[in-house]
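So the chains spell out like this:
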Amino acid sequence: MLQTHALTASYGQFKALFGIDLHVAPGECVAIIGANGAGKTTLLRSISGVLRNAPGMVTHRGTPIGALSADAVLQRGIAMVPEGRKLFPSLTVEENLMIGGQVRRGDGRWTLDTVYALFPILRERRLSPGTALSGGQQQMVAIGRALMSNPEVLLCDEISLGLAPVVIRDIYAALPRIRETGAAVVIVEQDISRALSVADRVYCVMEGRVTLTGAPAGITRDAVHAAYFGNAA
Amino acid sequence: MIWLDTIVQGLLLGGLYALFAAGLSLVFGIMRLVNLAHGDLIVFAAFLILVVVQMTGLNPFLGALIAAPLLFAFGWLVQRVVLNRVLGKDILPPLLVTFGLSIALQNGMLEVFSADSQRLRAGPLESASVDLGPVTVGIMPLLTFASAVMVIFALNQIFYRTALGRAFRATSDDPVTASLMGINPASVFAIATGLAMVTVTIAALFLGMRSNFDPSIGPARLIFAFEAVIIGGLGSLWGTLLGGAIIGVAQTVGAQINPEWQILAGHLAFLAVLLVRPRGLFPRAVD
């Protein structure tokens, strides 16, 4: 459904991605793992339209979307939870959620009520400024905000970075309920065991290339180690 | 009683300055753009109202009603075609472009409308006044002040009560993340500038009915507007109203002491506020 074809990306002179082929099937959970600076975030930014590419480098249901702007990509049903949450400080929690729902695809399941049912704490904090919340609560807002557009694909960048283990558990507990709606989920995750436990398929990225891919069941610890750190490690 | 009268007249004059400043405050608050052509745009709007009035024979209020959508479209277009191209991390390019726009507007108006002074005639309303007990105030200054309050109130409602306002605030916070929410920052900015031009139309209406105008007076209006915005705190709309009022009162009090001190007293008040509160009276929490 969502595919990248020999996707490359660079920041000025610095090449960050060297030909990435990735595909996401409807309703699937795909994890992207890799060390810091491997290109995981760049990959998501390229798919979501924050970075523009040649049109054919990213396709959605066969249509090239690589050159579209981020707002146009969202309208096609691909929503993003950015790294660092990026809540709008001038907006309350509820306004942050509502702005995510300003572009809605059809009458999907996600509304303020269903997001509050998913993360009940947000209902209590709904009138607070988004940035007054704890990191974990902010991540919940960021996820809820992305869900409000009823996406077909939810891209989550660094979903657990900087969060306490108990909070990470709560956030991962929400994943199955998000997938029940039929949305595919792509998570970028540093915590390898966590990623392997939830994903249908895993991509390991190193220095801008995919070094390993497959279902978690077929991936050995050594293979991950080699893909993550390179053969020298 | 003379001092009370002076202060009331100053407050009402502040309404005009707040009207000058509202559009500037709006644009700065949303896209961090200091529009150096703002004063010339007010004068341009006044000329447009004049042209409408002369062509249709309508009174200036109805003329402004016709000019407002035209000026919205003009602002939208200028933002889309010119200003959006230069907005970015560096604040210098948009500053230079609006400076250029200011000069082009002044010379364009000089070419088309000549250097002659013009005025929007409002008939008997110009000299009508109302007795409020200790002071007597002109209907026109009262109307100006009331319009300023309504403009600021309306902008605040849009900002904090509508989906458009949410998009304004989100884009102002972080345009990249806003685009991930399906917002197109370029089009949000264009709507904001269009809206600013509607406030400019209202400012131009009262400017043109209160005093003479010609193509050269824009920069001085910009200074008053700019000072009102800075005193109030960048991006705070109610602060802008207060800023206008402070300058207005300072000017009338200064003029009361010595007529030559009117303009100077306004600038001194501005400097005094900057000295005590460098970020203005109501600075935004996030900047």
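The shown structure was predicted, so the numbers you read here are calculated from the model rather than taken from an experiment.

1. Section: the overall build of chain A
Phase 1: Per the secondary structure count, chain A includes 9 helices and 10 strands.
Phase 2: The C-alpha radius of gyration of chain A comes to 17 Å, within 12% of the 17 Å expected for a compact globule of 233 residues.
Phase 3: Each principal axis of the C-alpha distribution contributes one length, and for chain A these read about 50 × 40 × 35 Å.
Phase 4: By residue count, 45% of the 233 residues in chain A fall in the buried class.

2. Here we look at the overall build of chain B
Phase 1: Secondary structure assignment for chain B yields 11 helices and 2 strands.
Phase 2: Order of helices (α) and strands (β) in chain B, N terminus to C terminus: α-α-α-α-β-β-α-α-α-α-α-α-α.
Phase 3: Computed over its C-alpha atoms, the radius of gyration of chain B comes to 19 Å, within 12% of the 19 Å expected for a compact globule of 287 residues.
Phase 4: Principal axes of the C-alpha set define a box for chain B whose edges measure 60 × 50 × 35 Å.
Phase 5: A separation of at least 24 residues holds for 75% of the contacts in chain B among residues at least 6 apart in sequence.

3. Quick notes on the pairing of strand S9 (residues 201-206) of chain A
Residue and element names in this part refer to chain A.
Phase 1: As defined by bridge partners, strand S3 (residues 29-33) adjoins S9 across 4 bridges and the pair is classed as parallel. From the neighbouring strand, Ile33 faces S9, where its bridge partner is Cys204.
Phase 2: Note: S9 against strand S10 (residues 209-214), 5 bridges, orientation antiparallel. Bridge pairing in S10 places Cys204 opposite Leu212.
Phase 3: Taking the residues between adjacent antiparallel strands as the criterion, S9 and S10 are bridged by 2 residues, where Glu207 takes a positive phi near 45°.

4. Quick word on the packing of helix H5 (residues 139-161) of chain B against helix H10 (residues 237-257) of chain B
Residues and elements named next belong to chain B.
Phase 1: At a closest axis distance of 9 Å, the pairing of H5 and H10 adopts a crossing angle of 165°. Looking at the two axes, H5 sits roughly antiparallel to H10. For the pair H5 and H10, the sense of crossing is right-handed. Facing Ala148, Val149, Ile152, Leu155 and Asn156 of H5, the residues of H10 in contact are Leu237, Trp238, Thr240, Leu241 and Gly244.
Phase 2: Taken together, the residues that form the contact of H5 with H10 break down as 7 nonpolar, 3 polar and no charged.

5. Details of the confidence of the model for chain B
Low-pLDDT portions of the prediction should not be read for the details of their coordinates.
Phase 1: Predicted confidence across chain B gives a mean pLDDT of 94, with 99% of residues reaching 70 or more.
Phase 2: Taken over the whole predicted complex, pTM reads 0.91, whereas the ipTM for its chain interfaces reads 0.91.

6. Looking at the sheet that holds S3 of chain A
Residue and element names in this part refer to chain A.
Phase 1: Strand order in the open sheet formed by 6 strands is S6-S7-S8-S3-S9-S10, with mixed pairing between adjacent strands. Edge positions in the sheet fall to strand S6 (78-81) and S10, since each of these pairs with one other strand and no more. Taken over all neighbouring pairs, the strand axes of this sheet differ in orientation by 15° on average, direction set aside.
Phase 2: Relative to strand S8 (residues 184-188), S3 runs parallel, the two being bridged by 4 bridges. Bridging from a neighbouring strand, Ile32 pairs with Val188 of S8.
Phase 3: The sheet contacts of helix H9 (residues 221-229) involve S9 and S10, and relative to S9 the element is tilted by about 35°.

7. Some remarks on the interface of chain B and chain A
Phase 1: On the side of chain A, 21 residues touch chain B, which itself brings 17 residues to the contact.
Phase 2: Where the side of chain B that touches chain A is concerned, the elements lending two or more residues are helix H6 (163-173) and helix H7 (175-180) of chain B.
Phase 3: Sorting elements by how many residues they give to the side of chain B that touches chain A places H6 of chain B first, with 7 residues.
Phase 4: Tallied by class, residues from the side of chain B that touches chain A come to 8 nonpolar, 5 polar and 4 charged.

8. Considerations on the packing of helix H1 (residues 2-31) of chain B against helix H9 (residues 218-232) of chain B
Residue and element names in this part refer to chain B.
Phase 1: Their axes nearest at 8 Å, the elements H1 and H9 cross at an angle of 65°. In terms of orientation, H1 lies roughly perpendicular with respect to H9. Helix-helix and strand crossings are classified by hand; for H1 and H9 the assignment is right-handed. Where H1 abuts H9, its residues Tyr17, Ala18, Phe20, Ala21, Leu24, Ser25 and Phe28 lie against Arg221, Phe224, Ala225, Phe226, Ala228 and Val229.
Phase 2: Counted by class, the contact of H1 with H9 contains 11 nonpolar, 1 polar and 1 charged residues.

9. Describing helix H11 (residues 262-276) of chain B
All names here are of chain B.
Phase 1: Its 15 residues give H11 an end-to-end C-alpha distance of 22 Å, which sits within 8% of 21 Å, the value for a rise of 1.5 Å per residue.
Phase 2: For H11, the full list of buried residues reads Ala265, Gly266, Ala269, Phe270 and Val273. Buried residues along H11 cover an arc of 145° about the axis, so they all sit on one side. Facing away from the buried side of H11 by over 90 degrees, the exposed positions are Leu271 and Leu275.

What counts and how
Residues numbered from 1 in each chain as written. Chains lettered and ligands numbered in written order. Predicted model: local features only at pLDDT ≥ 70, side-chain atom pairs only at ≥ 80, totals over all residues. Helix = DSSP H or I, 4+ residues; strand = E, 2+ residues; numbered from the N terminus. Rg over C-alpha atoms; globule rule 2.2 N^0.38 Å. Buried ≥ 20, exposed ≤ 12 C-beta atoms within 10 Å, placed from the backbone. Contact = placed C-beta atoms within 7 Å. Pairing = 2+ DSSP bridges. Axes fitted to C-alpha atoms, helices over the stretch in contact; angles between N-to-C directions. Parallel < 35°, antiparallel > 145°, perpendicular 65-115°, else oblique. Left-handed = near helix turned anticlockwise from the far one by under 90°. Nonpolar A, V, L, I, M, F, W, Y, C, P; charged D, E, K, R; others polar. pLDDT = per-residue confidence, 0-100. Expected span 1.5 Å × (residues − 1). Arc of directions from axis to C-beta.

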